[in-house]
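Given next are the chains, with one letter for each unit.
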Amino acid sequence: MLLWYHKEVVDNVFCTEENMLNVMLTALILACSLSEARPTERYDERTKQCRLIAQGQLSWESEPWGTGGVKFREVCKSCHSRNNDKGAPFIHAESYTSKAWNSIFTKRRKKCARDGAWDILTEDELQMVNDYLYRNGDWTYDPNDADSCG
Ligand code: HEC
């Protein structure tokens, strides 16, 4: 009887721990898939360099609070805000795919890029705005095309 009771308690404890482990594993997998759901590398055609935008300093700078996000809001959004009077269409990170953002920054053929509106940004800052938009652009996870550096 005592032995039986003991087993019951042990079973219950084990069961509880297993549940907790399951919850933790689920949370971990969710966290991993969320952080996975963005590109981690960006090939920059201008400098011919692979930018590791999910690591170290570049990771910070390509977030909304880093140089890339801040400069996008400060400069680009000064015109591209909703209902602006500058004749600029409303733009946010998800307006374009990552690839399209890369092309916009490589070619720099949009009217505002040609007429000097981008020039208050340094080359470094432009790279970081590009990083930010690339990382947070309209991007669907494709295991065969996860990163652009190859
Ligand atoms: C001084 C205002 C101004 C600034 C600053 C500015 N833009 Fe523009 N941008 C415009 C205007 C106006 C147009 C529309 C030009 C036209 O009619 O073709 C435009 C067009 C664009 C387009 C094409 C949109 C479309 O639907 O055709 C993109 C993309 C773009 N800008 C991105 C940017 C980015 C990225 C930045 C920051 C690095 C930026 N712009 C900064 C005024 C600005």
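Note: the structure precedes this text.
Values in this document were obtained by computation on a predicted structure and should not be read as measured data. (Residues numbered from 1 in each chain as written. Predicted model: local features only at pLDDT ≥ 70, side-chain atom pairs only at ≥ 80, totals over all residues.)

Caption draft 1: Spatial organisation of the pairing of strand β2 (residues 49-52). Looking at chain direction, strand β1 (residues 41-44) and β2 are connected through 4 bridges and run antiparallel. Residue Y43 lies in a different strand from β2, and its bridge partner there is C50. What sits between β1 and β2 in their antiparallel hairpin is a turn of 4 residues, with K48 showing a positive phi close to 55°. (Pairing = 2+ DSSP bridges. Helix = DSSP H or I, 4+ residues; strand = E, 2+ residues; numbered from the N terminus.)

Caption draft 2: Quick look at the site of the ligand. Taken together, 17 residues form the shell around the ligand, and within it C76, C79, A88, K111 and C112 come nearest. Of all the elements in the fold, those that place two or more residues in the shell around the ligand are α3 (67-79) and α5 (111-114). A class-by-class count of the residues in the shell around the ligand yields 11 nonpolar, 3 polar and 3 charged. (Near = placed C-beta within 6 Å. Nonpolar A, V, L, I, M, F, W, Y, C, P; charged D, E, K, R; others polar.)

Caption draft 3: Inspection of unusual backbone geometry at higher detail. Not every positive phi belongs to a glycine, and K48 is a case in point at roughly 55°. Mapped onto the secondary structure, K48 falls in the loop between β1 and β2. According to the C-beta neighbour criterion, K48 is exposed, with 7 such atoms within 10 Å. (Buried ≥ 20, exposed ≤ 12 C-beta atoms within 10 Å, placed from the backbone.)

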